[in-house]
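Coordinate analysis (summary)
Take a look at the letters that make up each chain.
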Amino acid sequence: MTHLSLRRTGLWSVTTALVLAAFTGRLGAQKAPSIPHEKYTLPNGLEVILHVDRSVPIVAVENFYKVGSGDEKPGRTGFAHLFEHVMFMGSQNVPVGKFDEWLEAAGASNNGSTNFDRTNYYETGPSNALPLMLWLDADRMGWLLPTMDQAKLDLQRDVVKNERRQGVDNAPYGKADETILPVLFPKGHPYSWDVIGSMDDLSAAALDDVKGFFRQYYAPDNATITIAGDFHPDSAKAWVKKYFGQIPRAAQAIARPVAPAITLTRDTVLMLEDRVQLPRVYYTWHGVKAFSADDAALDAFAEIMAGGKSSRLYRTLVYEKQLAQDVRMSNQSQKLDGMIQLVVTAKPGVQPVELDREISQALSAAIATGVTERELTRVKNGMRANMLDGLASVARKAFQLSYYNYFTGNPDYLAQDLARYDTLTPAMVQRAARTHLAGSPRVILTIVPEGKSTMALTAATVGGIK
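Residues numbered from 1 in each chain as written. Predicted model: local features only at pLDDT ≥ 70, side-chain atom pairs only at ≥ 80, totals over all residues. Heavy atoms only, no water.

1. A closer look at the overall build of the chain
Summing up its helical and strand segments, the chain has 16 helices and twelve strands in all. Computed over C-alpha atoms, the radius of gyration of the chain comes to 23 Å, within 12% of the 23 Å expected from 2.2 N^0.38 for 466 residues, which places it in the range of a compact globule. Seen along its three principal axes, the alpha-carbon backbone of the chain occupies a region of about 65 × 55 × 40 Å. Put simply, 81% of the contacts in the chain that link residues at least 6 apart link residues at least 24 apart. Total accessible area on the chain stands at roughly 19300 Å², and carbon and sulfur atoms take up 53% of it. Separation of charge centres in the chain, based on 50 positive and 49 negative side chains, amounts to 3 Å. (Helix = DSSP H or I, 4+ residues; strand = E, 2+ residues; numbered from the N terminus. Rg over C-alpha atoms; globule rule 2.2 N^0.38 Å. Contact = heavy atoms within 4.5 Å. Areas by Shrake-Rupley, 256 points an atom, 1.4 Å probe, with all protein chains shown as cover. Lys, Arg positive; Asp, Glu negative; His and termini not counted. Charge placed at Lys NZ, Arg CZ, Asp CG, Glu CD.)

2. Observations concerning the pattern of salt bridges
Taken as a whole and judged by the stated rule, the model has 20 salt bridges. Here Arg140 makes a salt bridge to Glu123, at a shortest N to O gap of 3.4 Å. In this pair, Arg140 is assigned in helix α4 (residues 130-142) and Glu123 in strand β6 (residues 119-126), connecting sequence segments 17 residues apart. Its relative accessible area of 2% is what places Arg140 among the buried residues. The buried category is assigned to Glu123, whose relative accessible area is 0%. Measuring nitrogen to oxygen at the nearest pair gives 2.7 Å for the salt bridge that ties Arg312 to Glu375. Placement of Arg312 in helix α11 (residues 312-320) and of Glu375 in helix α13 (residues 373-389) is noted, with a sequence separation of 63 residues between them. Taken together, the salt bridges that share partners define one network made up of Lys39, Glu47 and Lys66. (Salt bridge = Lys/Arg side-chain N within 4 Å of Asp/Glu carboxyl O. Buried < 20%, exposed > 50% of the residue type's maximum accessible area, 1.4 Å probe, protein only.)

3. Focus: the nonpolar core
If you look at the biggest cluster of nonpolar residues, it comprises 58 residues, and the most contacted ones within it are Phe301, Met329, Leu342 and Val344. Top contributing element to this core by residue count: helix α10 (residues 295-306), with nine residues. Setting aside residues no more than four positions away along its own chain, Val344 makes contact with Pro279, Arg280, Val281, Tyr283, Leu317, Ala324, Asp326, Val327, Leu355 and Ile359. With 52 residues, the next largest nonpolar core counts Leu50, Tyr121, Leu136 and Phe244 among its residues. (Core = buried A, V, L, I, M, F, W, Y, C linked by side-chain atoms within 4.5 Å.)

4. Regarding the environment of Leu153
Note on placement: Leu153 falls in helix α5 (residues 150-169). With sequence-adjacent residues up to four places away left out, Leu153 is seen in contact with Leu82, Met148, Ala205, Ala206, Leu207 and Val210.

5. Observations regarding the environment of Ala432
Inspection of the secondary structure puts Ala432 in helix α16 (residues 426-436). Expressed as a C-alpha distance, the spacing of Ala432 and Val86, which sit 346 residues apart in the sequence, is 42 Å. Apart from the residues within four sequence positions on either side, Ala432 is in contact with Asp294, Ala297 and Leu298.

6. Thoughts on the side chain of Glu47
You can see Glu47 is positioned in strand β3 (residues 47-52). Polar side-chain contacts of Glu47 include one of 3.1 Å to the side chain of Lys66. In this structure Glu47 touches Lys39, Tyr40, Thr41, Lys66, Pro220, Ala223, Thr224, Ile225 and Asn405, once residues within four positions along its chain are discounted. (Polar contact = N/O pair within 3.5 Å; in protein donor to acceptor, adjacent residues only side chain to side chain.)

7. Description of the sheet that holds strand β9 (residues 280-286)
With respect to topology, five strands assemble into an open sheet ordered β8-β12-β9-β11-β10, the strand pairing being mixed. Only two strands of the sheet have a single partner each, and these edge strands are β8 (268-274) and β10 (324-333). Direction aside, the axes of adjacent strands within the sheet are offset by 15° on average. Inspection of the sheet shows β9 paired to strand β12 (residues 442-449) by six bridges, in the antiparallel sense. Looking at β12, one finds that Tyr283 is bridged to Ile444. Together, β9, β10, β11 (338-346) and β12 form the strand contacts of helix α12 (residues 352-369), whose direction differs from that of β11 by roughly 135°. (Pairing = 2+ DSSP bridges. Axes fitted to C-alpha atoms, helices over the stretch in contact; angles between N-to-C directions.)

8. Considerations on the packing of aromatic side chains
One pass over the structure, following the stated rule, counts 27 aromatic pairs. Their ring planes at 55° and their centres at 5.8 Å tell us that Phe88 and Tyr121 sit as a pair that is tilted. Taken together, the residues Phe88 in the loop between α2 (79-86) and α3 (98-105) and Tyr121 in strand β6 connect sequence positions 33 residues apart. The buried category is assigned to Tyr121, whose relative accessible area is 0%. Among the aromatic residues, those joined into a ring-pair cluster are Tyr65, Phe79, Phe83, Phe88, Phe99, Tyr121, Phe213, Phe214, Tyr217 and Tyr218. (Phe/Tyr/Trp six-rings, centres within 6.5 Å; stacked < 30°, edge-to-face > 60°.)

Given below as structure tokens:
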């Protein structure tokens, strides 16, 4: 999903440019490569994935914790992201600030991110830095609590609050997600609050709450360590056993969240005034889980409709009729649930009702007549190019192995993932769009400039999708 909270700049940039038509045949015929790996589990439950790539003397370590904002409880939101910050505040054998300092001195870099389903931490550096990376990661997994105190919590709580102010409270259109999510998903749904959490919940977080969160989720039996790059497997195994092997399992089994049934039965039209210059409309439908039957088809439909400058809606609204500044559509599938979202920003002087009319017509026409083989081929090649491009980086491969392992149980799922798109037909894409978009209830949010509430779409003015 797009709700990704990074401590610093994100590591994985998404390749958005689609390949040229001349490249189509070559990509289509290319066999999906395998990512050779070894997977095993320590007695304490820690999953370990090893992938050797000696092309360059670089190694990446991915620490993948199976906890995200979806594991939080109402009234205690924002804990997963808050803890992402806390994990960089030192541990029993690593004083505050030394985690970054020692890695940088070794020529390595590190970062972390949080979303609905997981929290990950990663390092990339020269091969000889691998034992340092593993020792640092093990120390904060096993021995963070002895140094966790109120001062550290208060410091990182203030950092996260400031991040929220910059990214949500004081950012143009920043409150869209936290306005839409609790309406799209029923109360108590794991995805019904934003990843960053509410300001009130962050303020209310007590030291014992945070320690309890760590004890429950930051245990080896709730984590995967992936090592990718130039290293010797025997040495890596010895270091993993030495540093991580003595960390105990969690005291109690984790109760995973369950997504309740969606209760949205009709369109819900919302309006929000903000300090913005131009109105923006968000259309959000309930979607599907990642890797479920219609997931790939909905990805393709979203890409064809508004996935880039060559998409249908971008050509019509931005280039030809010049009604919109931008338009984008995405299928955001996660482990427990998903959503489909289309976002459009009006040009100066254009009313949202004009945009809505064009969007309703375009979506209805696409559902009625389907997409073309040429459009679908373009999307397939773009998906394949993006996935294969990721194999050039050991850090990307480390993340992908961890991601596939968590979502499918198979770290080397790349070929199957590519096959989901390669086997798509226009009829499959049309059927998925009709099933999940045509006549399906939506949350429609218009964010308008302050004092301009009359610009917003209403239940009487919004068009239907047939």
